[in-house]
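Residue-level listing of the chains:
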Amino acid sequence: MSSRVGGVVAEQLIERAARKAQRLLLAAVAVTLCPHPAAAGSAGQSDWSCGPGSGAAASRWGCSFATADRISWLATAGQLVLATQPFAIAQEHLIDLDFMRPVALATADLDQDGDVDVVGAGYYSDDVAWWENLDGDGLAWARHPIDSSFLGAITVRTGDLDGDGDLDVVGGAWTGAEIAWWRNDGSGAAWTRFTVATAADGTHWVDIADFDNDGDADIVAAIAGLHTVAWWRNDGGDPVEWTMQVLDDSFAGARSAVPVDLDGDGRIDIVGAALEGSEVAWWRNLGGEPFAWSKQEVSAAFVLAHHVVAGDVDGDGDLDLAGTAYGLSRLGLWRNQGGDPIQWTREVAGALAGALVLDMRDLDGDGRPDLVATSDAEDVINWWRNVGGSPREWPEQTVAEGFAGAWPLAVADLDANGSLDVVAGASEATRVAWWRIGDFVPAGTITGSPITVGSDVLTLDCALDAELPPGTTVGVEFRTASTVDHLGIWREIECGQPVPVVQYGPAVLQYRLRLATEEPMVSPLVRALRFEWSSELSAQPPRRSGGRVRP
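Note that the structure is predicted; figures quoted are calculated from it, not measured.

How each quantity is defined
Counting restarts for each chain: residues are numbered from 1 in the order of the written sequence. Local features are withheld for residues below a pLDDT of 70 in this predicted model, meaning they are given only at 70 or higher, and side-chain atom pairs are given and counted only at 80 or more; totals for whole chains, interfaces and linings count all residues. Only hydrogens and water are set aside; all other atoms, that is, all heavy atoms of the structure, feed into the side-chain values. Here a helix means four or more residues in a row that DSSP labels H or I, a strand means two or more in a row labelled E, and each is numbered from the N terminus. Burial status follows relative accessibility: with a 1.4 Å probe on protein chains alone, a residue under 20% of its type maximum counts as buried, one over 50% as exposed, and anything between as partly exposed. Using a 1.4 Å probe, the Shrake-Rupley method yields the accessible areas, and only the shown protein chains count as cover for residues. For the charge count, each Lys or Arg is scored as positive and each Asp or Glu as negative, with His and the chain ends excluded. Just so you know, the charge point we use is NZ for Lys, CZ for Arg, CG for Asp and CD for Glu. To qualify as a nonpolar core, a set must consist of buried Ala, Val, Leu, Ile, Met, Phe, Trp, Tyr and Cys residues joined through side-chain atoms within 4.5 Å. In this analysis, two residues are considered to be in contact whenever any of their non-hydrogen atoms come within 4.5 Å of each other. Domain start and end points were adopted from an automatic or database domain assignment. Pairing between strands is defined by DSSP: at least two bridges between the two strands are required. Where helices are involved, their axes are fitted lines through C-alpha atoms of the stretch in contact, as for all axes, and angles between N-to-C directions lie from 0 to 180°. When two rings of Phe, Tyr or Trp (its six-membered ring) have centres within 6.5 Å they constitute a pair, described as stacked for plane angles under 30 degrees, edge-to-face for angles over 60, and tilted for the intermediate range. We call a charge positioned above a ring when the Lys NZ or Arg CZ atom is no farther than 6 Å from the ring centre and deviates by at most 35 degrees from the ring normal. Count a disulfide wherever a pair of cysteine sulfur atoms falls within 2.5 Å. Each reported salt bridge corresponds to a side-chain nitrogen of Lys or Arg within 4 Å of a carboxyl oxygen of Asp or Glu.

## As for the overall build of the chain
Part 1 of the reasoning: From N to C terminus, the chain includes 1 helix and 44 strands.
Part 2 of the reasoning: Seen along its three principal axes, the alpha-carbon backbone of the chain occupies a region of about 100 × 55 × 50 Å.
Part 3 of the reasoning: Scored against the burial criterion, the 551 residues of the chain give a buried share of 50%.
Part 4 of the reasoning: Total accessible area on the chain is roughly 23,400 Å²; 51% of this is exposed by carbon and sulfur atoms.
Part 5 of the reasoning: A gap of 15 Å separates the mean positions of the 36 positive and 80 negative side-chain charges of the chain.

## A look at the nonpolar core
Part 1 of the reasoning: The biggest cluster of nonpolar side chains holds 34 residues, and the ones touching the most others in it are Leu460, Leu509, Leu513 and Phe531.
Part 2 of the reasoning: Contributing elements (two or more residues each) for this core: β6 (81-82), β36 (451-453), β37 (457-467), β38 (472-481), β40 (499-503), β41 (507-517) and β42 (525-534).
Part 3 of the reasoning: The residues contacting phenylalanine 531, other than those within four sequence positions of it, are Gly41, Ser42, Ala43, Trp61, Leu460, Asp461, Cys462, Val476, Phe478, Leu509 and Tyr511.

## So, the side chain of arginine 101
Part 1 of the reasoning: Locating arginine 101 in the fold gives a position in the loop between β7 (84-96) and β8 (102-108).
Part 2 of the reasoning: The class of arginine 101 is buried, set by a relative accessible area of 14%.
Part 3 of the reasoning: Residues within four places of arginine 101 in sequence aside, it is in contact with Ala121, Gly122, Tyr123, Tyr124, Trp407, Ala426, Ser427, Glu428 and Ala429.

## Details of the domain arrangement of the chain
Part 1 of the reasoning: Per the domain assignment, the segments of the chain are domain 1 (92-436) and domain 2 (442-537).
Part 2 of the reasoning: Just the C-alpha atoms count here: the centres of domain 1 and domain 2 sit 39 Å apart.

## Examining the sheet that holds strand β33 (residues 421-426)
Within a sheet, each strand pairs with its neighbour through backbone hydrogen bonds, oriented either parallel or antiparallel.
Part 1 of the reasoning: Spatial ordering of the open sheet is given by β7-β34-β33-β32, a layout of 4 strands whose pairing is antiparallel. Only two strands of the sheet have a single partner each, and these edge strands are β7 and β32 (406-412). Averaged over all adjacent pairs, the angle separating strand axes in this sheet is 25°, with direction ignored.
Part 2 of the reasoning: Taken together, the 5 bridges between β32 and β33 define a ladder with antiparallel strand orientation. Each bridged residue has a counterpart across the sheet, and for valine 411 the counterpart in β33 is valine 422.

## A short note on the packing of aromatic side chains
Working definition: an aromatic ring pair is given by the centre-to-centre distance plus the angle between the planes.
Part 1 of the reasoning: Scanning the model with the defined rule gives 16 aromatic pairs in all.
Part 2 of the reasoning: Measuring from centroid to centroid gives 4.9 Å for phenylalanine 150 and tryptophan 182, while their planes differ by 80°, and the two rings are edge-to-face. Placement of the pair is phenylalanine 150 in the loop between β11 (141-147) and β12 (153-159) and tryptophan 182 in strand β14 (residues 178-184), with a sequence separation of 32 residues.
Part 3 of the reasoning: Classification of phenylalanine 150 by relative accessible area gives buried; the value is 1%.
Part 4 of the reasoning: Members of the aromatic cluster, connected to one another through ring pairs, are Phe211, Trp231, Phe291 and Trp293.
Part 5 of the reasoning: Note that arginine 101 overlies the ring of tyrosine 124, its terminal NZ or CZ placed 4.7 Å from the centroid.

## A short note on unusual backbone geometry
Part 1 of the reasoning: Residue aspartate 340 is joined to proline 341 through a cis peptide bond whose omega torsion reads 5°.
Part 2 of the reasoning: The topology assignment puts proline 341 in the loop between β26 (330-336) and β27 (344-351).
Part 3 of the reasoning: For the bond from serine 390 to proline 391, the omega torsion is 0°, close enough to zero to count as cis.
Part 4 of the reasoning: Positive phi, close to 55°, is recorded for alanine 199, a residue that is not glycine.
Part 5 of the reasoning: Note that alanine 199 resides in the loop between β15 (191-197) and β16 (203-209).

## A look at the state of the cysteines
Simply put, disulfide is the name for a covalent bond between the sulfur atoms of two cysteines.
Part 1 of the reasoning: Taken as a whole and assessed by the stated rule, the structure comprises 2 disulfides.
Part 2 of the reasoning: Each sulfur in the disulfide pair cysteine 50 and cysteine 63 lies 1.8 Å from the other. Looking down the S-S bond of the cysteine 50 and cysteine 63 bridge, the torsion is -75°, so its handedness is left-handed. Of this pair, cysteine 50 sits in the loop between β1 (39-45) and β2 (51-52) while cysteine 63 sits in the loop between β2 and β3 (64-65); the two residues are 13 residues apart in sequence, bridging distant segments of the chain.
Part 3 of the reasoning: By relative accessible area, which is 48% here, cysteine 50 ends up partly exposed.
Part 4 of the reasoning: Covalent S-S linkage joins cysteine 462 and cysteine 495, the inter-sulfur distance amounting to 2.0 Å. Taking the sign of the S-S torsion, about -110° here, the bridge from cysteine 462 to cysteine 495 comes out left-handed. Of this pair, cysteine 462 sits in strand β37 while cysteine 495 sits in the loop between β39 (491-493) and β40; the two residues are 33 residues apart in sequence, bridging distant segments of the chain.
Part 5 of the reasoning: Residue classification places cysteine 462 among the buried residues on the basis of a relative accessible area of 6%.

## Observations concerning the pattern of salt bridges
Part 1 of the reasoning: Evaluated as defined, the whole model comprises 25 salt bridges.
Part 2 of the reasoning: The closest approach of N and O atoms between arginine 183 and aspartate 162, which form a salt bridge, is 3.1 Å. With arginine 183 in strand β14 and aspartate 162 in the loop between β12 and β13 (168-173), this residue pair connects regions lying 21 residues apart in the sequence.
Part 3 of the reasoning: Residue aspartate 162 is classed as partly exposed on the basis of its relative accessible area of 22%.

## Describing the sheet that holds strand β22 (residues 279-287)
Part 1 of the reasoning: Read from one edge of the open sheet, 4 strands run β20-β21-β22-β23, paired in antiparallel fashion. The open sheet has two edge strands with one neighbour each: β20 (254-260) and β23 (292-299). Averaged over all pairs of adjacent strands, the angle between strand axes in this sheet comes to 20°, irrespective of strand direction.
Part 2 of the reasoning: With 6 bridges joining them, β20 and strand β21 (residues 269-274) adopt antiparallel strand pairing.

Here it is as structure tokens:
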């Protein structure tokens with residue numbers, strides 16, 4: 001190297017050192033003069049249910065994220081837990097051994113104590129009852145009557161029908177040809193029955209949703225004896241008054257009518273199954289006054305169709321359908337291909353003869369909805385893991401065998417550990433039970449999407465809303481840069497302890513959460529994460545080491 005070139009390089013190094021020293025001096029002055037940082041901005045996330053996003057920088061955190069590894073983000077909206085490793089044999093827990101022929105089950109917090117209870121219908125006993133989750137862990141239950149004279153009780157659902165803030169119960173009676181609802185006194189101790197409809201011969205399914213977007217809960221029903229799908233508008237009042245509208249009176253042997261916004265237009269549609277017509281169809285909610293619906297066929301050859309549910313099986317952002325049929329040995333699956341009207345591609349999923357009821361939920365916490373179903377013909381409850389692939393694969397897992405007349409089914413977190421459990425009833429016996437299907441994996445991570453911060457980020461702090469059972473931890477990390485491409489090393493941060501960053505705006509901020517457990521039966525549960533940053537540096541508290549304070 002020539003002496004001239006060497007001199008230039010030396011001058012550059014000296015200049016860089018001088019600039020660095022100046023920045024450190026300014027930072028030191030800022031710490032001295034500004035011991036409390038001035039807030040510049042904040043951003044948080046409390047919903048991850050939209051799944052992985054594009055990875056490009058956004059203005060805020062919405063409901064998506066960058067990546068997740070062994071983290072359950074889809075099972076329950078608004079929370080993160082570790083994914084589940086399925087058991088070879090699910091663990092059964094008894095709810096009731098003496099409830100005559102359970103044919104319908106639903107889950108909800110009926111007594112407003114923060115845990116999940118169960119409500120059910122007994123066909124032979126004409127009973128509607130609910131089971132109180134006594135300790136919140138699903139291990140002790142107490143049955144409470146709602147109604148013991150609802151003839152041929154066959155379907156129940158929960159919702160706040162009178163707008164008083166607690167959950168009521170709506171039900172349908174096959175023999176009594178009635179649709180009714182029971183007002184909850186708020187604690188689940190007292191119930192008042194109100195009739196919605198009579199002469200509803202062979203009512204088989206009821207459900208609740210706000211179809212007219214007026215803020216209150218309406219009712220929809222599938223009435224097999226009348227081959228009818230109808231809904232009742234909640235007109236308010238005390239007691240609530242109802243206005244009935246028939247969607248379809250030729251849906252032969254109507255067995256189910258499930259509310260879901262299938263076309264993503266913000267209005268709740270209805271999808272249903274007809275046993276005698278071997279039909280699956282949906283009714284598009286067009287709104288208007290008078291209210292209008294447009295029927296669209298999904299399948300006219302789903303032999304002895306019984307039940308249908310919706311979920312995004314392939315992760316493409318729209319809702320697909322899955323169904324059960326008495327006359328087939330496999331579950332049905334229809335992938336939504338979009339279009340107007342929607343086009344459907346028929347596929348097959350799990351094998352199960354005489355399947356009755358199913359649900360589509362992310363049971364193993366891998367971000368893909370799985371299928372779980374009952375069969376009274378085979379007395380089994382099975383679930384199928386959605387492992388993706390092309391063609392899509394559905395490895396089968398057994399929940400229960402020898403469960404006489406397996407029929408009603410629900411999925412919920414009964415033990416409040418963050419993972420989903422399976423609830424079912426033996427319709428040819430007197431048994432109601434739930435199953436824990438797996439343990440938590442030891443560790444997992446989720447990385448948030450990068451967001452753009454318009455101001456300087458000189459000091460950063462965070463707030464974490466999480467439950468940490470013994471043996472569990474959540475680590476928070478962050479990184480900043482001027483652009484997404486320059487994001488580099490992750491730094492740990494302890495929420496409540498501001499750290500200096502010195503990233504001049506506009507800046508890009510990204511976070512990463514590390515969840516871990518030493519006990520496979522419990523997981524940390526994250527509800528929200530929030531960051532705050534300032535445009536000034538804050539004084540740091542003295543570091544403690546071995547019980548002594550360093551000067």
